[in-house]
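Here is what each chain is made of, one letter per residue.
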Amino acid sequence: MRVTNNYMTRNYLNNLNNSLSLYNESENKLTTGRKISKMSDDVSAGTRALGVRTQSYKNEQIRENVEKAGESLDVAESNLTSIKDILQSVNEQTMTALNGTNVSASNIFSINFTSLKNQVVEFANCRYNGSYVLGGTNNTTPPFTVEDGNLMYNGVKVNDIQKTEGKFYAGGEKVPQSDSIYIDIGIDLSIKNGEVDPRSAFNMSVSGLDCLGYGTSEITYQDTEGNSHTETVPNNAYDILDEMSKCLDEKDFDRLGALNDHLKETLDGLVNEISDIGIRTNYLDTHTERLKDEDYVLTKIQNNLEYIKDTDELINNKNLEYSWLLTLQFGGKILPQSLMDYIQ
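Starting from 1, residues in each chain are numbered consecutively following that chain's sequence as written. The predicted nature of this model means local features are confined to residues of pLDDT at least 70 and side-chain atom pairs, given and counted, to a pLDDT of 80 or more, with totals for whole chains, interfaces and linings taken over all residues. Hydrogens and waters are ignored; side-chain quantities use all the structure's heavy atoms.

(A) Geometry of the packing of aromatic side chains. For Phe, Tyr and Trp, where Trp contributes only its six-membered ring, two rings pair if their centres lie within 6.5 Å, and the inter-plane angle classes them as stacked under 30 degrees, edge-to-face over 60, or tilted in between. Applying the stated criterion to the full structure yields three aromatic pairs. Summarising the aromatic geometry, the rings of Phe168 and Tyr214 are spaced 5.3 Å apart at their centres and angled 85 degrees between planes, so their arrangement reads as edge-to-face. Taken together, the residues Phe168 in strand β7 (residues 167–170) and Tyr214 in the loop between α4 (208–212) and β13 (216–222) connect sequence positions 46 residues apart. Remark: exposure states derive from per-residue accessible area (1.4 Å probe, protein chains only) relative to the maximum for the residue type, with buried under 20%, exposed over 50%, and partly exposed in between. For Phe168, a relative accessible area of 4% translates into the label buried. To qualify as a helix, a DSSP run of H or I must reach at least 4 residues; to qualify as a strand, a run of E must reach at least 2; elements of each kind are numbered from the N terminus.

(B) Region of the structure containing the sheet that holds strand β8 (residues 173–174). For two strands to pair, DSSP has to find at least two bridges joining them. An order of β6-β7-β8 is seen for the three strands of this open sheet, with the pairing classed as antiparallel. Where the open sheet ends on each side, the last strands, each with one partner, are β6 (161–164) and β8. By the bridge criterion, two bridges tie β7 to β8 in an arrangement that is antiparallel. Within β8, the position partnered with Ala170 by the bridge is Glu173.

(C) Up close: the state of the cysteines. Disulfides are defined as pairs of cysteine sulfur atoms found within 2.5 Å of each other. Counted by the stated rule, this structure contains zero disulfides. Unpaired in terms of disulfides, Cys211 finds its nearest cysteine sulfur in Cys126, a separation of 9.1 Å. On the basis of relative accessibility, which here comes to 2%, the residue Cys211 falls in the buried class.

(D) Spotlight on the sheet that holds strand β5 (residues 156–157). Here we have three strands laid out as an open sheet, ordered β3-β4-β5, and antiparallel in their pairing. Edge strands, defined here as strands with exactly one partner in the open sheet, are β3 (144–147) and β5. Judged from the two bridges that link them, strand β4 (residues 150–153) and β5 form a sheet pairing that is antiparallel. When the bridges of β5 are listed, Met152 appears paired with Lys157.

(E) Focus on the packing of helix α3 (residues 106–124) against helix α5 (residues 237–250). Fitted lines through C-alpha atoms serve as axes, helices being fitted only where they are in contact, and the angles separating the N-to-C directions of these axes extend from 0 to 180 degrees. The interhelical angle for the contact between α3 and α5, taken along N-to-C directions, is 165 degrees, at an axis separation of 8 Å. The angle between α3 and α5 places the two elements in the roughly antiparallel class. Along this stretch, α3 crosses α5, giving a crossing that reads as left-handed. Between α3, through Ser106, Asn107, Phe109, Ser110, Phe113, Thr114, Leu116, Lys117, Asn118, Val120 and Val121, and α5, the contact on the second element is made entirely by Tyr238, Leu241, Asp242, Met244, Ser245, Leu248 and Asp249. Ten residues, namely Ala, Val, Leu, Ile, Met, Phe, Trp, Tyr, Cys and Pro, are considered nonpolar, four, namely Asp, Glu, Lys and Arg, are considered charged, and the remaining ones, Gly among them, are considered polar. Of the residues contributing to the contact of α3 with α5, the split by class is nine nonpolar, six polar and three charged. For this classification, under 35 degrees means roughly parallel, over 145 means roughly antiparallel, 65 to 115 means roughly perpendicular, and everything else is oblique. We call a crossing left-handed when the near helix sits turned anticlockwise from the far one by less than a right angle, and right-handed when that turn is clockwise. In what follows, a contact means two residues having at least one pair of non-hydrogen atoms within 4.5 Å.

Below is the structure:
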């Protein structure tokens, strides 16, 4: 076989370009820190990397949802705890009024109860991130208002509200903006019959009606003369405090004691709602930790797919550099005319 100078030169230049290309590619990896710069570099790894990025982005959105839900629940818990403290204070003051010998002090308690019932409404209208935390889906106006001495919820008289199968109704009509608010926290959100499946999402809302009470109940008590009285009274904290204030003004301590016992039932319901918030907050904390662990795993997978290991690539880079230098050195000796060409 006759080996010509042109043949040797052509093959040498091809090898030289290949060595230089590999060396430059390694240099680029060291500069950017990435294994692949475009999909064609490694279609399989690139496809997997895109899937990991999509899941990471989804996790990021879910973590934001979880964070906002947790903050909203914290605001609700803080304000409901303030209402709980008010109702406990009312109970203590009522016991003092019932057991006290200074009847004139009842006027002071009456004035105080009037102030406290207004504070209950203020706390119930707490806001977070532009939304009323206890107002259901109402984001524009305070959910709790007082009209003609009656507590209203989104324009509906609270005493007329009843709950059926988890929904609030008044006069056969659904209470406006009283629905729960669900968010996606990564447990396969699904919609059934136009509504969110509660098992596939997280309920971040806190119902002000469940917390303050709604509808009416009957109470029975005896007066000092032994006569029995049965009457229908409100279940919500505001109207109960209003009725208790009237009892103090009228010195009707028998009815006051019965209302105080009724208020304890509303207080118990409020405590249960606060406990439920604590349970949901703990669930969010646990879920957040799970998301963090998942993010760590996804980040590790993404790094393995997309990014180089510096030490390994540095060794590879040096090998390619030596290979290129040796190719240059070899070319300096081979490129002169061959003996065969000289003889010919």
